[in-house]
Amino acid sequence: MCGEFFSAHFFRRCFNISAKELLINEEIRAEKVRVIAADGSQLGIISRNEALNAAHEAGMDLVEMSPNAEPPVCKIMDYGKFLYEKTKKEKESKKKRTTVELKEIKFSCRIDKHDFDTKLNHAKRFLTDGNKVKITIVFSGREMNHTDRGYDLMASIKEELADIGGAEKAPSLDGRYMTLVISPKKADETK
């Protein structure tokens, strides 16, 4: 009865977990393996069958940790708990990771003071949230003859945002669009 339970339990655990990169239990094909016990002690180089028996006696799984080593290194552990802790660590690292978005704000050369201030406030909010801001000045019609006004406007925008962000490079003119990307300053840079 006990042997049937172990073989059924073992078979279920061996094929229950599908999307994995580590080999466990019967999937390990090497004849000799270096085994590390659950408490971290070395059991030495033993046959695969002896290692599987040791794992069964401990009520745990034999997991191939380093398949490229000669002989492969296996560890006796609870594989389900190992996967749970691994996914938990990945979730924690994703929470700590911050994504930086690129927000675009378009200006015109003939922008009014109030509209300029409103768009500038949006840019300040984006920069304080940690996002990059792409400033685009759109030239229409004969405004292309007066690109110096665009450079002046871009300089005033850079000056207004200098305390919370800095330009990554000089403004570039590409067809009817003049662009500038401003990155937020880090907390230690603003002091």
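Criteria and thresholds
Residues numbered from 1 in each chain as written. Predicted model: local features only at pLDDT ≥ 70, side-chain atom pairs only at ≥ 80, totals over all residues. Heavy atoms only, no water. Helix = DSSP H or I, 4+ residues; strand = E, 2+ residues; numbered from the N terminus. Buried < 20%, exposed > 50% of the residue type's maximum accessible area, 1.4 Å probe, protein only. Contact = heavy atoms within 4.5 Å. Pairing = 2+ DSSP bridges. Axes fitted to C-alpha atoms, helices over the stretch in contact; angles between N-to-C directions. Salt bridge = Lys/Arg side-chain N within 4 Å of Asp/Glu carboxyl O. Phe/Tyr/Trp six-rings, centres within 6.5 Å; stacked < 30°, edge-to-face > 60°. Lys NZ or Arg CZ within 6 Å of the ring centre and 35° of its normal. Parallel < 35°, antiparallel > 145°, perpendicular 65-115°, else oblique. Left-handed = near helix turned anticlockwise from the far one by under 90°. Nonpolar A, V, L, I, M, F, W, Y, C, P; charged D, E, K, R; others polar. Right-handed = clockwise from strand over helix to strand, strands pointing away.

A. Quick peek at the overall build of the chain. Looking only at helices and strands, one finds five helices and nine strands in the chain. Secondary structure elements in the chain, listed N-terminal to C-terminal, are α-β-β-α-β-β-α-β-α-β-α-β-β-β. Taking all 191 residues of the chain together, 28% fall into the buried category. In the chain, once contacts between residues fewer than 6 apart in sequence are set aside, the share between residues at least 24 apart is 55%.

B. Here's a closer look at the sheet that holds strand β4 (residues 73-77). Strand order in the open sheet formed by four strands is β2-β1-β4-β3, and the pairing between neighbours is mixed. If you trace the sheet from one side to the other, it starts and ends with β2 (42-47) and β3 (61-66), each paired once. When strand polarity is set aside, the average angle formed by the axes of neighbouring strands in this sheet is 35°. Alignment of strand β1 (residues 32-36) against β4, held across three bridges, turns out to be parallel.

C. Focus on the pattern of salt bridges. Enumeration according to the criterion identifies four salt bridges in this entry. The partner of K103 in a salt bridge is E101, and the shortest N-O contact between them spans 3.4 Å. Given the relative accessible area of 25%, K103 is considered partly exposed. Residue K113 pairs with D117 through a salt bridge whose shortest N-O separation is 3.1 Å.

D. Inspection of the packing of aromatic side chains at higher detail. One pass over the structure, following the stated rule, counts two aromatic pairs. Between F107 and F116, the aromatic rings sit 5.9 Å apart at their centres with planes inclined by 55°, giving tilted as the arrangement. Each member of the pair, F107 as well as F116, carries the same accessibility label: buried. Over the face of the ring belonging to F107 we find K119, whose NZ or CZ atom lies 5.8 Å from the ring centre.

E. A look at the pairing of β1. Note: β1 against β2, five bridges, orientation antiparallel. Following the sheet pairing, R34 is matched in β2 by I45. Adjacent in sequence and paired antiparallel, β1 and β2 are bridged by five residues, among which G40 carries a positive phi angle near 100°.

F. Spatial organisation of the packing of helix α4 (residues 113-128) against helix α5 (residues 147-160). As a packed pair, α4 and α5 sit with axes 11 Å apart at the nearest point and diverge in direction by 50°. Between α4 and α5, the crossing angle belongs to the class labelled oblique. Every pair of crossing elements has a handedness; the one defined by α4 and α5 is right-handed. Contacts between α4 and α5 pair F116, L120 and K124 from the former with L153, S156, I157 and E160 from the latter. When grouped by side-chain class, the residues that make up the contact of α4 with α5 number four nonpolar, one polar and two charged.

G. Structural context of unusual backbone geometry. Look at the link from E70 to P71: it is a cis peptide, with omega at -10°. As for its placement among the helices and strands, P71 is situated in the loop between β3 and β4.

H. Focus on the pairing of strand β6 (residues 132-138). For strand β5 (residues 102-108) and β6, the ladder comprises seven bridges, and the chain directions are parallel. In the sheet register, L102 faces β6, and the bridge partner there is K132. In this fold, β5 hands off to α4, which returns the chain to β6; that crossover is right-handed. Both β6 and strand β9 (residues 177-184) contribute to a ladder of six bridges, which runs antiparallel.

Coordinates in, geometry out; function isn't part of it.
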